Amino acid sequence: MRDDLDRTIATLQGERPGPAADSGYPQDSADAGATLSEADRTDALLHTARGQRDEVLAALARIDEGTYGQCVDCGDQIRPERLDARPDAARCVSCQAKLAKRRR
Ligand SMILES: [Zn+2]
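Thresholds, definitions, all that
- Residue indices begin from 1 for each chain and proceed along its sequence in written order.
- Note on the predicted model: pLDDT of at least 70 is required for a residue's local features to be given, and 80 or more for side-chain atom pairs to be given and counted; whole-chain, interface and lining totals, by contrast, use all residues.
- For side-chain calculations, the full set of non-hydrogen atoms in the structure is used, while hydrogens and water are omitted.
- The term salt bridge refers to a side-chain nitrogen of Lys or Arg lying within 4 Å of a carboxyl oxygen of Asp or Glu.
- What counts as a helix is a DSSP run of H or I of at least four residues, what counts as a strand is a run of E of at least two, and both are numbered from the N terminus.
- Only protein chains enter the accessibility calculation, which uses a 1.4 Å probe. A residue is then buried if its area is under 20% of the maximum for its type, exposed if over 50%, and partly exposed in between.

A. Geometry of the pattern of salt bridges. According to the stated counting rule, one finds four salt bridges in the structure shown. Among the ionic pairs, R41 bridges to E38, the shortest N-O distance being 2.7 Å. Of this pair, R41 and E38 both sit in helix 2 (residues 32–65), three residues apart, roughly one helical turn. Assessed through its relative accessible area of 49%, R41 is described here as partly exposed. With relative accessibility at 42%, the residue E38 sits in the partly exposed group. One salt bridge connects D73 with R91, and the closest N-O pair in it is separated by 3.0 Å. Of this pair, D73 sits in the loop between helix 2 and helix 3 (80–85) while R91 sits in the loop between helix 3 and helix 4 (93–103); the two residues are 18 residues apart in sequence, bridging distant segments of the chain. According to the relative accessible area criterion, D73 is partly exposed, its value standing at 44%.

Quick look at the structure:
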């Protein structure tokens, strides 16, 4: 399981450029519209990848603590099928659904 997470992190780290890339895109006024939407897309992808990476790192921390596979909200065991699909899942399906509703 930890190997799987390590691979997930390696994949995510391969997908995202270094931290300095945020200020790196060119300021070409003639192409501003296209550049902006491109940057927005990249930002969205990076945001998603960083969020996932945070989740994976949190999952690795939970492995160290011995609480991996337990829902961080209710403490129940997360279903193995869910962990297969989302190895970095921090919550059981019902707590995740509640969280999604609160965020909406
Ligand atoms: Zn739960």
